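Single-letter residue listing:
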Amino acid sequence: GAGVSQSPSNKVTEKGKDVELRCDPISGHTALYWYRQRLGQGLEFLIYFQGNSAPDKSGLPSDRFSAERTGESVSTLTIQRTQQEDSAVYLCASSLHAGGSYEQYFGPGTRLTVT
Amino acid sequence: GDSVTQMEGPVTLSEEAFLTINCTYTATGYPSLFWYVQYPGEGLQLLLKATKADDKGSNKGFEATYRKETTSFHLEKGSVQVSDSAVYFCALRGGGADGLTFGKGTHLIIQP
């Protein structure tokens, strides 16, 4: 079946603008994760959704970052008033269930450049 | 908090050489351990995993053993190929249901 998809693949925005990134998880996957990968760094966990439970926002770097998910489908990550340090590849992953050793399947990412 | 440390790259080897990429971790409880690989131009994909001490994960000729006593999960392959050139990430998932903690990645370059 289809894998995790993300859009747009690339986004260039001016400092101070808001951006919205989209993730379509694998159908039937209850858990969805957002990560950030800055140049030369490992992946940094941002937020995770499990079913209809309240999301774990513990990794969000500031209150400019927010995310929503409708049920067990699409998720959007919104960054308000973007800063240059927000430039990174934003990766989404989904897994059948959360926790344990369930494999996370990653999307291709959205490369965000803030000028 | 949890953390993963892996050897800095790039690591450059000749084809058919033996590969080791070191990975050590700090975590509370009993984490699950993973190696992910990112081939050029492709997304991140799971290479292998181990969920408890002394487990050995293996795939595509790669192996890694979960060593609780040394808190390590080193990746090995006996004979690398040019097609193994990629960035390799060591990662762990703690006892809770939150996201993975990743190392910074090791860029592996295999020369013919």
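Residue positions are given per chain, counting from 1 as you read along its sequence in written order. All chains are assigned letters beginning at A, and all ligands numbers beginning at 1, according to the order in which they are written. Totals for whole chains, interfaces and linings use every residue, but because this is a predicted model, local features are given only for residues with pLDDT of at least 70 and side-chain atom pairs only at 80 or more, for both listing and counting. Excluding hydrogens and water, the side-chain values take into account all heavy atoms of the structure.

### With respect to the state of the cysteines
Cysteine sulfur atoms are paired as a disulfide whenever they come within 2.5 Å of each other. A complete count under the given rule lists two disulfides over all chains for this structure. Here Cys23 of chain A engages in a disulfide with Cys92 of chain A; their sulfurs sit 1.9 Å apart. One disulfide, between Cys23 of chain A and Cys92 of chain A, carries an S-S torsion of -65° and so falls in the left-handed class. Of this pair, Cys23 of chain A sits in strand S3 (residues 19-24) while Cys92 of chain A sits in strand S8 (residues 88-95), placing them 69 residues apart in sequence. Per residue, the accessibility class of Cys23 of chain A equals that of Cys92 of chain A, and both read buried. Disulfide pairing is shown between Cys23 of chain B and Cys90 of chain B; the S-S distance is 1.9 Å. Judged by the sign of its S-S torsion, about -70°, the cystine formed by Cys23 of chain B and Cys90 of chain B is left-handed. Of this pair, Cys23 of chain B sits in strand S4 (residues 23-26) while Cys90 of chain B sits in strand S10 (residues 86-93), placing them 67 residues apart in sequence. On the accessibility criterion, Cys23 of chain B (1% relative accessible area) is buried. Counting from the N terminus, the helices are DSSP H or I runs at least four residues long and the strands are E runs at least two residues long. Accessibility here uses a 1.4 Å probe with only protein chains present; expressed as a share of the type maximum, an area under 20% marks a residue as buried, one over 50% as exposed, and anything in between as partly exposed.

### Let's talk about the pairing of strand S2 (residues 11-14) of chain B
Residues and elements named next belong to chain B. Here S2 shows one buried face, formed by Val11 and Leu13, and one open face, formed by Thr12 and Ser14. As defined by bridge partners, S2 adjoins strand S12 (residues 106-111) across four bridges and the pair is classed as parallel. Across the sheet, the residue bridging to Leu13 is Ile110, located in S12. Between any two strands, pairing holds if DSSP finds at least two bridges.

### Quick notes on the interface of chain A and chain B
By a frequent convention, interface size equals the accessible area lost on bringing the separate parts together. By definition in these notes, contact holds between two residues if any of their heavy atoms fall within 4.5 Å. Opposite the 18 residues of chain A that make contact, chain B presents 18 residues. In short, buried area is how much 1.4 Å probe accessible area vanishes from two parts on joining, totalled over both. Taken together, both faces of the contact between chain A and chain B bury some 1,500 Å²; the carbon and sulfur share is 54%. When the area that chain A buries against chain B is broken down by residue, the three leading residues are Leu43, Ser101 and Phe106 of chain A, summing to 30%. Think of a polar contact as two N or O atoms within 3.5 Å of one another; within protein, one of them needs to be a possible hydrogen donor and the other a possible acceptor, and neighboring residues in sequence only count if both atoms come from side chains. Taken together, the connections running from chain A to chain B amount to four residue pairs in polar contact (both at pLDDT 80 or more). When contributions to the side of chain A that touches chain B are tallied by element, the ones reaching two or more residues are strand S4 (31-37) and strand S5 (43-50) of chain A. Residue polarity follows a fixed list, in which Ala, Val, Leu, Ile, Met, Phe, Trp, Tyr, Cys and Pro are nonpolar, Asp, Glu, Lys and Arg are charged, and the others, Gly among them, are polar. Partitioned by chemical class, the residues of the side of chain A that touches chain B number eight nonpolar, eight polar and two charged.

### Digging into the nonpolar core
Grouping buried Ala, Val, Leu, Ile, Met, Phe, Trp, Tyr and Cys residues that are joined through side-chain atoms within 4.5 Å yields what is termed a nonpolar core. Counting residues in each nonpolar core, the largest one holds 26 residues, and the members touching the most others are Trp35, Leu47, Leu48, Phe73, Leu75 and Tyr88 of chain B. Looking at this core, the elements that each hand over two or more residues are S2, strand S3 (19-21), S4, strand S5 (32-38), strand S6 (44-50), strand S8 (62-65), S10 and S12 of chain B. Among the elements that line this core, the one with the most residues is S10 of chain B, at four residues. Those residues in contact with Leu75 of chain B that lie beyond four places of it in its chain are Leu19, Thr20, Ile21, Trp35, Leu47, Leu48, Phe62, Glu63, Ala64 and Tyr88 of chain B. Counting 20 residues, the second-largest nonpolar core is a separate cluster that includes Leu21, Leu32, Leu46 and Leu60 of chain A.

### Observations regarding the sheet that holds strand S7 (residues 56-59) of chain B
Residues and elements named next belong to chain B. Pairing within the open sheet is antiparallel, and its four strands lie in the order S3-S9-S8-S7. Lying at the two open borders of the sheet, with one neighbouring strand each, are S3 and S7. Ignoring which end each strand starts from, the neighbouring axes of this sheet average 20° apart. One ladder, built from four bridges, connects S7 with S8; its direction is antiparallel. Note on S8: the bridge partner recorded for Gly57 is Ala64. Lines are fitted to the C-alpha atoms to define the axes, a helix being fitted only along its stretch in contact, and any angle between axes, read from their N-to-C directions, falls within 0 to 180 degrees.

### Considerations on the packing of aromatic side chains
Residues and elements named next belong to chain A. Between rings of Phe, Tyr and Trp, where Trp is taken as its six-membered ring, a pair exists when centres lie within 6.5 Å; planes separated by under 30 degrees are stacked, by over 60 edge-to-face, and by other angles tilted. This model, assessed by the stated rule, comprises twelve aromatic pairs over all chains. Summarising the aromatic geometry, the rings of Tyr33 and Tyr48 are spaced 5.1 Å apart at their centres and angled 15° between planes, so their arrangement reads as stacked. Separated by 15 residues along the polypeptide, Tyr33 in strand S4 and Tyr48 in strand S5 bring together distant segments of the chain. Residue classification places Tyr33 among the buried positions, given a relative accessible area of 0%.

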